[in-house]
Amino acid sequence: MERQDVQGSLELFSEQEKKYVKGRPIVTIFHNEQNLYTVIRIRVDETNHVYEEKEAVVTGYFPKVYEQETYIFYGEFKEHPKFGLQLHASHYRKDIPQTKQGVISYLSSELFKGIGKKTAESIVEVLGENAITKILNEPSLLDSIPRLPPDKAKSLYDTLMEHQGLEQAMIALNQYGFGPQLSMRIYQVYKETTIDVIQNNPYKLVEDVEGIGFARADELGYQLGISGNHPDRIRAASLYVLETESMQAGHVYVEAKDLLQRTKGLLEENKRDQIEFADISNEIVKLGEEGKIIVEERKLYLPSLYFSEKGLVTNIKRLLKQTEYEDQFPESEFLLALGKLEERIKVQYAPSQKDAIQTALMSPMLILTGGPGTGKTTVIKGIVELYAELHGCSLNPKDYKKEEPFPFLLAAPTGRAAKRMAESTGLPAVTI
């Protein structure tokens, strides 16, 4: 699809988007900097909804809005069970001045650094009252403005795109089937280059935007005429398979032959094109050269997992090399303390559990594994209780002064596991 065709469809879409409310923000009720979800109250200047109130609450995903600016919000009114009637905006745009004097005042405002009133008048004289729309569609028109240096022309266009380009991007993304929240997430990543990225390489979305999988990008790529063994398509599929196997299937790495086979299967799924293993292999090599994946022998890693694993191994080795660890007790002393504990808590530890407790007490580190119901939590209780017994320390946190550290720290990956650990040991436990 040519850019000119896309622009024409955007303008048509904008004209057909009839439901709107125009006004100035009064107050921002809520704004989330992470996902840009925003709730604002505006003073209504104009609307084509059946709505007669002077003010309205608008919700949607958009960057910070300014009280001195006028905006047009497109969307539908919906009744919130707690907060009443609200306009759910799919997108918005800043109101573009429609008169020559309005355009001159806008372009010569503080928003556009280095553009004075005379320069603004020259722009309007050459391009007319539709100057802003023309510049957004064809920035090279600024070359025809007398005495406008290239750096100021670029700055003017960049500022316009920052404040007006969002509307074009959101409309384009809506046409491609992306909802408001995901559209805003995409715009946050690419800003004014959003439309160019989508049209030129939609598969970058898989690499750069959380929540967009290969199937979604491939559908968009197909609409734009990208298919078969296109390098961008193979690259995105390879990264998607690697991430899926790592994040969802629980693997730290994927064997090269497995990645090749699964990527080929994904690329050929519901398609007639045959993809050669050599083409996939070439793109994987390039991804490795760019640092997008880590290749070690025949193992392929996501960089984050590779360096996490390396860091973990380094620290385990560091712990195991500790020479100052002096917790060594005669086996008779350990067995005596263990027997008293079993009698007190009415538990009979299995031989493997006894070995685990003893190893934990007399080593700088222990990794304890086992499926559900195999007694791991019972072993943890034994470790804690026997440590306190052999070292003569209290298990009651209240027995320690504020500046005195409590000798135990229990932590688990999830809140549920931490709760189970706390219930078993009677000690506070937290999540990692």
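Residues numbered from 1 in each chain as written. Predicted model: local features only at pLDDT ≥ 70, side-chain atom pairs only at ≥ 80, totals over all residues. Heavy atoms only, no water.

**Considering the environment of Y92**
Mapped onto the elements, Y92 comes out in strand β5 (residues 84-94). Taking C-alpha positions, Y92 is 5.6 Å from I72, a pair spaced 20 residues apart along the chain. Leaving out residues up to four positions away in the same chain, Y92 has contacts with F62, P63, V65, Y71, I72, F73, Y74, L166 and E167. (Helix = DSSP H or I, 4+ residues; strand = E, 2+ residues; numbered from the N terminus. Contact = heavy atoms within 4.5 Å.)

**Notes on unusual backbone geometry**
For L36, which is not glycine, the phi torsion reads 65° and is therefore positive. Inspection of the secondary structure puts L36 in the loop between β1 (20-31) and β2 (37-47). A residue is classified by how much of its surface remains accessible, and L36, at 8% relative accessible area, is buried. (Buried < 20%, exposed > 50% of the residue type's maximum accessible area, 1.4 Å probe, protein only.)

**So, the sheet that holds strand β4 (residues 71-80)**
Taken together, the five strands give a closed barrel; going around it, the order is β1-β2-β3-β5-β4, and neighbouring strands pair in mixed fashion. Taken over all neighbouring pairs, the strand axes of this sheet differ in orientation by 45° on average, direction set aside. As paired strands, strand β3 (residues 55-61) and β5 are joined by two bridges and run parallel to one another. Pairing of T59 across the sheet is with H88, part of β5. (Pairing = 2+ DSSP bridges. Axes fitted to C-alpha atoms, helices over the stretch in contact; angles between N-to-C directions.)

**A few points about the pairing of β3**
Within β3, six of the seven residues are buried, which leaves the element mostly enclosed by the surrounding structure. Pairing geometry for β2 and β3, over seven bridges, is antiparallel. Within β3, the position partnered with I42 by the bridge is A56.

**So, the environment of L305**
With respect to the helices, strands and loops of the structure, L305 is situated in helix α13 (residues 303-320). The spatial distance from the C-alpha of L305 to the C-alpha of E52 is 56 Å, given a sequence separation of 253 residues.

**Focus: the confidence of the model for the chain**
Caution is warranted with low-pLDDT regions, since their predicted coordinates should not be read in detail. Overall, the prediction assigns the chain a mean pLDDT of 86, with 94% of residues at 70 or greater. Predicted confidence for residues 1-16 stays below pLDDT 50, and this span has 22 contacts to residues more than four positions away or in other chains. (pLDDT = per-residue confidence, 0-100.)

**Side note on helix α14 (residues 331-345)**
For α14, which comprises 15 residues, the first-to-last C-alpha distance of 21 Å matches the rise-based estimate of 21 Å (1.5 Å per residue) to within 8%. Within α14 the residues assigned to the buried category are F334, A337, L338, L341 and E342. Considered in projection along α14, the buried side chains sweep an arc of 140° and stay on one side of the axis. In α14, the exposed residues that point more than 90 degrees away from the buried face are S332, L336, K340, E343 and R344. In the stretch just after α14, K346 is the one whose phi turns positive, near 55°. (Expected span 1.5 Å × (residues − 1). Arc of directions from axis to C-beta.)

**Section: the sheet that holds strand β6 (residues 253-255)**
Here we have three strands laid out as an open sheet, ordered β6-β8-β7, and antiparallel in their pairing. The sheet terminates laterally at β6 and β7 (294-296), the two strands that pair on one side only. Pairwise comparison of adjacent strand axes, ignoring direction, gives a mean angle of 30° for this sheet. As defined by bridge partners, β7 adjoins strand β8 (residues 299-301) across three bridges and the pair is classed as antiparallel. Its bridge partner lying in β8, I294 is registered against Y301. Packing against the sheet, helix α11 (residues 256-268) makes contact with β6 and β8, and its axis sits at approximately 85° to β6.

**What about the packing of helix α10 (residues 231-247) against α11?**
Each pair of packed helices can be summarised by the angle the axes make with each other and by the distance between the axes. One can describe the packing of α10 onto α11 by two numbers: an axis separation of 9 Å at closest approach and a directional angle of 120°. For the element pair α10 / α11, the angle class is oblique. Here the hand of the crossing between α10 and α11 comes out right-handed. Touching R233, I234, A237, S238, Y240, V241, L242 and E245 of α10 are L259, R262, T263, L266 and L267, all from α11. (Parallel < 35°, antiparallel > 145°, perpendicular 65-115°, else oblique. Left-handed = near helix turned anticlockwise from the far one by under 90°.)

**Points about the packing of helix α15 (residues 351-362) against helix α16 (residues 376-391)**
One can describe the packing of α15 onto α16 by two numbers: an axis separation of 9 Å at closest approach and a directional angle of 45°. Judged by the inter-axis angle, α15 sits oblique to α16. As α15 runs across α16, the sense of the crossing is right-handed. On the side of α15, the interface is formed by Q353, A356, I357, A360 and L361, while α16 contributes V379, G382, I383, L386, Y387 and L390. Tallied by class, residues from the contact of α15 with α16 come to nine nonpolar, two polar and no charged. (Nonpolar A, V, L, I, M, F, W, Y, C, P; charged D, E, K, R; others polar.)

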